[in-house]
Amino acid sequence: MDDTGPVDVLRPLHEALTRLAAAVEGDDHDLTQQLMDRYDADVRSHLAEHDARIEAADLHGLIARQQQVTLRMAARRDEAAQHLNADRRAVRASLAYLRAESLT
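Residues numbered from 1 in each chain as written. Predicted model: local features only at pLDDT ≥ 70, side-chain atom pairs only at ≥ 80, totals over all residues. Heavy atoms only, no water.

(A) Representation of the overall build of the protein in the model. On a plain count of helices and strands, the protein comes out with three helices and zero strands. Each helix (α) and strand (β) of the protein, taken in turn from the N terminus, gives the series α-α-α. For the protein, the C-alpha radius of gyration of 22 Å lies well beyond 13 Å, the compact-globule estimate for 104 residues. Principal-axis analysis of the C-alpha atoms gives the protein an extent of 85 × 20 × 20 Å. Across the 104 residues of the protein, 16% fall into the buried class. Contacts in the protein between residues at least 24 apart in sequence constitute 73% of all its contacts with a sequence separation of at least 6. (Helix = DSSP H or I, 4+ residues; strand = E, 2+ residues; numbered from the N terminus. Rg over C-alpha atoms; globule rule 2.2 N^0.38 Å. Buried < 20%, exposed > 50% of the residue type's maximum accessible area, 1.4 Å probe, protein only. Contact = heavy atoms within 4.5 Å.)

(B) The layout of surface pockets, seen in detail. Estimates place the volume of the largest pocket at around 270 Å³. Lining the largest pocket are Ala23, Val24, Gly26, Asp27, His29, Thr32, Met73, Ala74, Arg76, Arg77 and Ala80. Elements supplying a minimum of two residues to the lining of the largest pocket: α1 (6-25), α2 (29-50) and α3 (56-103). Looking at which element gives the most residues to the lining of the largest pocket, the answer is α3, with five residues. (1 Å grid on protein atoms, 1.4 Å probe; cavity = no way out; pocket = protein on both sides within 12 Å on 5 of 7 lines; lining within 4 Å. Points joined across faces, edges and corners; volume = space filled by probe spheres on them.)

(C) Examining the pattern of salt bridges more closely. Under the criterion given, the structure shown has five salt bridges. In this structure, the salt-bridge partner of Glu25 is Arg72, at a minimum N-O distance of 2.6 Å. Note that Glu25 is positioned in helix α1 and Arg72 in helix α3, a separation of 47 residues in sequence. The partly exposed category is assigned to Arg72, whose relative accessible area is 29%. Where Arg44 meets Asp40, a salt bridge forms, and the shortest distance between an N and an O atom there is 3.1 Å. Of this pair, Arg44 and Asp40 both sit in helix α2, four residues apart, roughly one helical turn. Several salt bridges converge on common partners, so that one network encompasses Glu25, Arg72 and Glu79. (Salt bridge = Lys/Arg side-chain N within 4 Å of Asp/Glu carboxyl O.)

(D) Region of the structure containing empty space enclosed by the protein. Summed over all chains, the structure comprises one cavity of 30 Å³ or more. In this structure, the largest cavity encloses a volume near 40 Å³. Taken together, Ala16, Arg19, Leu35, Arg38, Tyr39 and Asp42 make up the lining of the largest cavity. Looking at the lining of the largest cavity, its residues break down into three nonpolar, no polar and three charged. (Nonpolar A, V, L, I, M, F, W, Y, C, P; charged D, E, K, R; others polar.)

In structure tokens, the structure reads:
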């Protein structure tokens, strides 16, 4: 019988979340997307292969970490949206000033 415990079964998923969390903090959006896709596939295959050996508490811990990463991704998205909106307002203001100058 295999003596690999539930934590060992989930370790690759926790490591994948660590890599994903690091990528979220960077600016390589393609890498982040690749890691998200890979994580999704890994979770599905791990659950299909090991679900009988995964303790509910361990799975809840993984889900909690996953939610933390998801919340950080949403925060980063919102920060980027704020920067884009500020840039758009600045461009509109600049265009308005240029138009006003051309009228004088």
